[in-house]
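Residue-level listing of the chains:
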Amino acid sequence: MQQALADVAVALMLGLAAVGSGVGDGLVMSKYVEGVARQPEARGSIFASALLGVALVEAFPVIALAFGFILLFTVGKL
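Residues numbered from 1 in each chain as written. Predicted model: local features only at pLDDT ≥ 70, side-chain atom pairs only at ≥ 80, totals over all residues. Heavy atoms only, no water.

Asks: Which residues make up the side chain of Asp-25, and what values go with them?
Replies: Looking at where Asp-25 falls in the secondary structure, it is placed in helix α1 (residues 2-38). Residue contacts for Asp-25: discarding those within four places in its chain leaves Val-54, Val-57 and Glu-58. (Helix = DSSP H or I, 4+ residues; strand = E, 2+ residues; numbered from the N terminus. Contact = heavy atoms within 4.5 Å.)

Asks: So what's going on with a nonpolar patch on the surface? Residues and values would help.
Replies: Among the surface-exposed residues, Val-8, Leu-12 and Leu-16 lie close enough to one another that they form a single nonpolar patch of about 310 Å² accessible area. With respect to the secondary-structure elements, Leu-12 resides in helix α1. Of the residues examined, Leu-12 reaches a relative accessible area of 52% and is grouped as exposed. (Patch = residues over 30% accessible without salt bridge, like charges linked within 9 Å, V, L, I, M, F, W, Y side chains within 5 Å. Areas by Shrake-Rupley, 256 points an atom, 1.4 Å probe, with all protein chains shown as cover. Salt bridge = Lys/Arg side-chain N within 4 Å of Asp/Glu carboxyl O. Buried < 20%, exposed > 50% of the residue type's maximum accessible area, 1.4 Å probe, protein only.)

Asks: Quick one: what's the story with the environment of Gly-20, residue by residue and with numbers?
Replies: Tracing the sequence through the fold places Gly-20 in helix α1. Looking at Gly-20, the relative accessible area reads 36%, which means it is partly exposed.

Asks: Hey, could you go over the packing of aromatic side chains for me, with residue numbers and the actual values?
Replies: The geometry of an aromatic ring pair is captured by the separation of the ring centres together with the interplanar angle, meaning the angle of the planes. If you walk through the whole model with that rule in mind, you get 2 aromatic pairs. Note on Phe-69 and Phe-73: the rings are 6.1 Å apart at their centroids and 25° apart in plane angle, and the pair reads as stacked. Residue Phe-69 and its partner Phe-73 are both found in helix α2 (residues 43-74); the two are separated by 4 residues, about one turn of the helix. (Phe/Tyr/Trp six-rings, centres within 6.5 Å; stacked < 30°, edge-to-face > 60°.)

Asks: Could you give an account of the pattern of salt bridges, naming the residues involved and the relevant values?
Replies: Scanning all chains against the criterion turns up 2 salt bridges. Among the salt bridges present, the one from Lys-31 reaches Glu-34, with a minimum N-O distance of 3.7 Å. Of this pair, Lys-31 and Glu-34 are both found in helix α1, 3 residues apart, which corresponds to roughly one turn of the helix. Taking the relative accessible area as the measure of exposure, Lys-31 reaches 54% and is therefore exposed. Since its relative accessible area comes to 36%, Glu-34 is described here as partly exposed. A salt bridge links Glu-34 to Arg-38; the shortest N-O distance between them is 3.5 Å.

Here's what the structure looks like:
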């Protein structure tokens, strides 16, 4: 029973992290397009900031995956 609950928790954690990351990527890139449309000459610096934002947003599911593995493989062993 305990392992089944851990499996459900990990599935929810990874699913919500993936959805949140998708939404975050969409917001970052939409703001990038909006910024370039307003000020095309600043495209390079805006792009660098957008890439940094996407990298930070994409780190969230990787961290959730690590926590998921920890939760899956340590349930019942503590």
